[in-house]
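Here is what each chain is made of, one letter per residue.
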Amino acid sequence: MKGLYILLAAIIFTSCQNQGQSKEDINKAKQASIDSMKVEINKQRVIDSMKTEMAKIKEEQRVESEKVVVVQQPANGQATTTTTTTKKKGWSATAKGAVIGAGVGAATGAIVSKKKGEGAIIGGLAGAALGTGTGAVIDSKNKKKE
């Protein structure tokens, strides 16, 4: 009879442990799902900011590519017309900062993390965010100078 009680106690003990493990597994799965959603949200945020920056760059290039016509009239009465084109600036500091930050962050994340792919993604997103912020600060300083 004692053996039966010990066997019953062992079965109950093991079943309780299995339930605890399954709850733990469910919580881990939930947390993994939440983490993956956060990563996707951050990715989309970076993509949206890059699209915005590219639209700004295209608009700046369109405006700069328009020609400016200057008409000069010297004292002798003859008019001379000079056509000048403005020089294209290229990438803004914000776009450069985002690209450089994403590259450096991805490389650092892949080197530091145990999960190379996940570390590269997270590092790239964080680097792009920091690079975008830094580039925006540089752009605002350059606009104040002009």
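Okay, so let's go over this structure.

Conventions adopted
- Residues numbered from 1 in each chain as written.
- Predicted model: local features only at pLDDT ≥ 70, side-chain atom pairs only at ≥ 80, totals over all residues.
- Heavy atoms only, no water.
- Helix = DSSP H or I, 4+ residues; strand = E, 2+ residues; numbered from the N terminus.
- Expected span 1.5 Å × (residues − 1).
- Buried < 20%, exposed > 50% of the residue type's maximum accessible area, 1.4 Å probe, protein only.
- Salt bridge = Lys/Arg side-chain N within 4 Å of Asp/Glu carboxyl O.
- Axes fitted to C-alpha atoms, helices over the stretch in contact; angles between N-to-C directions.
- Parallel < 35°, antiparallel > 145°, perpendicular 65-115°, else oblique.
- Left-handed = near helix turned anticlockwise from the far one by under 90°.
- Nonpolar A, V, L, I, M, F, W, Y, C, P; charged D, E, K, R; others polar.

## Considerations on helix 2 (residues 93–112)
Over its 20 residues, helix 2 extends 27 Å from the first C-alpha to the last, a length consistent with the 28 Å expected when each residue adds 1.5 Å. Listing the buried residues of helix 2 in full gives Ala93, Thr94, Ala95, Gly97, Ala98, Gly101, Gly105 and Gly109.

## Notes on the pattern of salt bridges
As enumerated under the stated definition, the model contains two salt bridges in all. Between Lys43 and Glu40 there is a salt bridge whose closest N-O contact spans 3.3 Å. Here Lys43 pairs with Glu40, and both are found in helix 1 (residues 2–65), just three residues apart, close to one helical turn. Assessed through its relative accessible area of 28%, Lys43 is described here as partly exposed. On the basis of relative accessible area, Glu40 is assigned to the partly exposed category, the value being 46%. A salt bridge links Lys56 to Glu53; its shortest N-O distance comes to 3.7 Å. A residue pair is termed a helical-turn pair when its members lie 3 or 4 positions apart in one helix, as Lys56 and Glu53 do in helix 1 at three residues.

## A look at the packing of helix 2 against helix 3 (residues 116–145)
For the pair helix 2 and helix 3, the least separation of the axes is 5 Å and the interaxial angle reads 155°. By the angle between their axes, helix 2 is roughly antiparallel relative to helix 3. You can see that helix 2 and helix 3 cross each other, and the crossing is right-handed. Of the residues in the contact of helix 2 with helix 3, the class split is ten nonpolar, twelve polar and two charged.

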